[in-house]
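Residue strings, one per chain:
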Amino acid sequence: MAILKVIELLASSNKSWEQATANAVKEASRTIKNIRSVYVNEQSAVVTGDTVSEFRVNVKITFEVK
């Protein structure tokens, strides 16, 4: 039986929500092994003038504890 743990992270990108999600997984994988899934809990954006300047995500990352 596998034991799974969930952590919550915030990440951002100036390109897209998808890139912000990928940034969260990439950064988490630097210290966490056996990542199983990522769940996008919330999305938001920063608007500067009349354009979106930053995409932000709140994600939950699930990984196996060995």
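Scroll up to find the structure this text is about.
Residues numbered from 1 in each chain as written. Predicted model: local features only at pLDDT ≥ 70, side-chain atom pairs only at ≥ 80, totals over all residues. Heavy atoms only, no water.

Participant: Describe the packing of aromatic side chains, with residues and values.
Facilitator: Counting across every chain of the model gives one aromatic pair. On the numbers, 5.0 Å between centres and 75 degrees between planes, the contact of Trp-17 with Phe-55 is edge-to-face. With Trp-17 in helix H1 (residues 17-28) and Phe-55 in strand E3 (residues 51-65), this pair connects stretches of sequence that are 38 residues apart. According to the relative accessible area criterion, Phe-55 is buried, its value standing at 14%. (Phe/Tyr/Trp six-rings, centres within 6.5 Å; stacked < 30°, edge-to-face > 60°. Helix = DSSP H or I, 4+ residues; strand = E, 2+ residues; numbered from the N terminus. Buried < 20%, exposed > 50% of the residue type's maximum accessible area, 1.4 Å probe, protein only.)

Participant: Give a description of the pattern of salt bridges that names residues and reports values.
Facilitator: Enumeration over the complete set of coordinates arrives at three salt bridges. Note that Glu-27 is salt-bridged to Arg-30, the shortest N-O span being 2.7 Å. For Glu-27, a relative accessible area of 47% puts it in the partly exposed group. A relative accessible area of 60% means that Arg-30 is categorised as exposed. Here Arg-36 and Glu-64 are joined by a salt bridge, their closest N and O atoms 2.4 Å apart. Of this pair, Arg-36 sits in strand E2 (residues 35-48) while Glu-64 sits in strand E3, placing them 28 residues apart in sequence. A relative accessible area of 19% places Glu-64 in the buried class. (Salt bridge = Lys/Arg side-chain N within 4 Å of Asp/Glu carboxyl O.)

Participant: Talk me through the pairing of E3; I want residue IDs and the actual numbers.
Facilitator: In summary, the side chains of a regular strand alternate between the two faces of the sheet. Examined bridge by bridge, strand E1 (residues 3-13) and E3 share 11 bridges and lie antiparallel to one another. The partner of Ala-11 across the bridge, within E3, is Val-57. As paired elements, E2 and E3 share 12 bridges and run antiparallel to each other. Directly across from Tyr-39, in E3, lies its bridge partner Lys-60. Counted along the chain from E2 to the antiparallel partner E3, the turn is two residues long, and its residue Gly-49 has a positive phi close to 65 degrees. (Pairing = 2+ DSSP bridges.)

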